[in-house]
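# Structural description and commentary
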Amino acid sequence: MKDQEQIVREEMRKLIKKSCAEEAFLNSNYNSFQKSLLKFFFNATSVVIDRKHKNITLYGGAIVDNSPRSKYNISQLADTTISYNNLEETLKGCLEKGSKASRFYQSQLFHYNNVARAVTDDAISA
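Here is a short report on the structure shown in this document. Everything numeric in this text was worked out from a predicted model, so none of it was measured. (Residues numbered from 1 in each chain as written. Predicted model: local features only at pLDDT ≥ 70, side-chain atom pairs only at ≥ 80, totals over all residues. Heavy atoms only, no water.)

Here we come to the packing of helix α1 (residues 4–19) against helix α4 (residues 99–112). At a closest axis distance of 10 Å, the pairing of α1 and α4 adopts a crossing angle of 45 degrees. By the criterion of interaxial angle, the relationship of α1 to α4 is oblique. Regarding α1 and α4, the two cross each other, and that crossing is left-handed. The residues of α4 that touch α1, namely those facing Gln-4, Glu-5, Val-8, Arg-9, Glu-11, Met-12 and Leu-15, are Ser-99, Ser-102, Tyr-105, Gln-106, Gln-108, Leu-109 and Tyr-112. For the contact of α1 with α4, the residue count by class is six nonpolar, five polar and three charged. (Axes fitted to C-alpha atoms, helices over the stretch in contact; angles between N-to-C directions. Helix = DSSP H or I, 4+ residues; strand = E, 2+ residues; numbered from the N terminus. Parallel < 35°, antiparallel > 145°, perpendicular 65-115°, else oblique. Left-handed = near helix turned anticlockwise from the far one by under 90°. Contact = heavy atoms within 4.5 Å. Nonpolar A, V, L, I, M, F, W, Y, C, P; charged D, E, K, R; others polar.)

With that out of the way, let us pick up the packing of helix α2 (residues 28–42) against α4. The geometry of a pair of packed helices is captured by two quantities: the angle between their axes and the separation between those axes. Remark: α2 packs on α4, axes separated minimally by 11 Å, with the N-to-C direction vectors making an angle of 175 degrees. The angle between the axes of α2 and α4 places the two elements in the roughly antiparallel class. Contact residues: α2 offers Asn-29, Tyr-30, Ser-32, Phe-33, Ser-36, Leu-37 and Phe-40, while α4 offers Lys-100, Ala-101, Phe-104, Tyr-105, Gln-108 and Tyr-112. Broken down by class, the residue content of the contact of α2 with α4 amounts to eight nonpolar, four polar and one charged.

Keep in mind these numbers describe shape, not what the thing actually does.
The structure is reproduced here in structure tokens:
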């Protein structure tokens with residue numbers, strides 16, 4: 001039987017796959033999701049994804065905790081560029097275990113899992 005963390009990571013993998021689909025590149029919400037995941041994993045304050053040159057530039061932030069992810073903390077004054085061959089696999093590689101990560105993933109799933117759904121004409125407005 002799968003536990004809650006496994007289910008959340010599986011759903012994140014599905015969302016990553018959806019966000020990397022060819023037509024998803026036009027959706028700025030999916031771009032925000034990808035950047036948010038990279039910011040969380042690398043503890044960066046800003047992320048630029050250059051799909052043409054297949055690289056990710058991370059701009060550093062202050063170290064906020066001593067979690068196991070601390071080996072990925074980016075210097076506050078530096079920027080770091082990472083090359084990738086497959087963005088989907090790179091993003092999936094950023095998924096980690098733990099309660100802090102699971103809470104973050106749950107919030108991402110709640111926020112971004114419905115970005116492709118349009119508001120219908122039947123929606124009630126205030």
